[in-house]
Amino acid sequence: MNERDALRLLAADLPHAGDDCAVVDGLVLTIDMLHASTDFPEGTTAYTVGWRSVGVSLSDVAAMGAEPIGAVAAYAPTALEEEPLTAFVEGARDVCERVGTDYVGGDLDTHRELTVTTTAVGRADDPVPRSGASPGEVVCVTGEWGRTAAALELFDAGDIERANDLFRFDPRIEAGRALAPEATAMMDSSDGLARSLHQLAEASGCGFRVDADALPVHSELEELFDDPEVLFERAVHVGEDFELVCTLPKSALAAAREDCPVPLTLVGRVTDPGEGVTVVGGPDDSTGRPLPDRGYTHE
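Quick caveat: nothing in here was measured; it's all calculated off a predicted structure.

*Asks:* What is the right way to read the sheet that holds strand β4 (residues 103–108) from this model?
*Replies:* Sheets are built from strands that pair by backbone hydrogen bonding, the pairs being arranged parallel or antiparallel. Read across the open sheet, the five strands follow the order β1-β2-β5-β3-β4; overall the sheet is mixed. What marks the edges here is a single partner per strand, and that holds for β1 (22–24) and β4. If you compare each strand with its neighbour and ignore which way they point, the axes differ by 20 degrees on average. Sheet topology places strand β3 (residues 67–76) next to strand β5 (residues 115–123); nine bridges connect them, and they run antiparallel. Across the sheet, residue Val 72 finds its bridge partner in β5, namely Thr 119. This element, helix α3 (residues 46–63), spans β2 (27–35), β3, β4 and β5 of the sheet and lies at about 40 degrees to β5.

Structural data, given as structure tokens:
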């Protein structure tokens, strides 16, 4: 079975495991596992591995609208060497510093391929789940989309420096905190916009209708492609951008935009569950076509 099927299998015994983080006594807690073969293209520096690995877990904390407390990592390369190890820790510490928290240590091991497991802990009085969206609300996203898709193209092209720079994303901690008072549902876009919307729809028992032309596409991706169909595919389905997707009442949109420290773009609305997840505009301007549940898969 794939990862989504496995999570559904466990849902009956782990009913609180459906959000980006678990909530325990006012704390939010998340854990992530990344591998060389699925997460770090050839050319990814050890510094970027540290930054991105810890950033992935901090992004989950951001999606709950929480304040980070700290992060740890289990680092297992194929062999322990001084320079990559110190660069990994430097990257992990720097991404934590970027969002006002601390990298406080972890574990070391070796593995047949580079594998990193990270945990982040945060605090939230009223964490935002995935399950609160209601028909009539609006759907918004932070930042620009297609950053990781552009990085993967640059890794393949041998432009390693630019690719690594794009791989070092900023976890949207401040944005998550700012959106939390207004957001009814929220998650990060680790699997891409399309899959994120399907996950929110499943958790909230609703549908979504999004406008492809409203989606802000990352400038690096636009430099690489001018075909609208390719841009749409990369921006919506590749995933791993770690932006935030949220729903909120339309009446709260102006205040949310004012408070959010990064651009917050209205991309659609919440609909009845029977309408599914649909999209208008983009390379195919037909009305209300289904948006496939396709995105990043960890396999």
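And the narrative resumes.
*Asks:* How should the state of the cysteines be read in this particular structure?
*Replies:* Going through the model one piece at a time under the given rule, you end up with zero disulfides. Looking at the unpaired Cys 140, the closest cysteine sulfur is the one in Cys 246, lying at 5.1 Å. Among the residues examined, Cys 140 registers a relative accessible area of 0% and is labelled buried. Free of any disulfide, Cys 206 has its nearest cysteine sulfur in Cys 246, 13 Å distant.

*Asks:* Mind showing me how you'd approach empty space enclosed by the protein here?
*Replies:* Once rolled over the atoms, a probe with the size of a water molecule shows which space is left empty. A complete count under the given rule lists one cavity of 30 Å³ or more for this structure. Roughly 50 Å³ of internal volume is contained in the largest cavity. Among the elements of the structure, β8 (207–211) and α10 (228–237) are those that each provide at least two residues to the lining of the largest cavity. Split into classes, the residues belonging to the lining of the largest cavity amount to nine nonpolar, no polar and one charged.

Rules and cut-offs
Residues numbered from 1 in each chain as written. Predicted model: local features only at pLDDT ≥ 70, side-chain atom pairs only at ≥ 80, totals over all residues. Heavy atoms only, no water. Pairing = 2+ DSSP bridges. Helix = DSSP H or I, 4+ residues; strand = E, 2+ residues; numbered from the N terminus. Axes fitted to C-alpha atoms, helices over the stretch in contact; angles between N-to-C directions. Contact = heavy atoms within 4.5 Å. Disulfide = S-S within 2.5 Å. Buried < 20%, exposed > 50% of the residue type's maximum accessible area, 1.4 Å probe, protein only. 1 Å grid on protein atoms, 1.4 Å probe; cavity = no way out; pocket = protein on both sides within 12 Å on 5 of 7 lines; lining within 4 Å. Points joined across faces, edges and corners; volume = space filled by probe spheres on them. Nonpolar A, V, L, I, M, F, W, Y, C, P; charged D, E, K, R; others polar.

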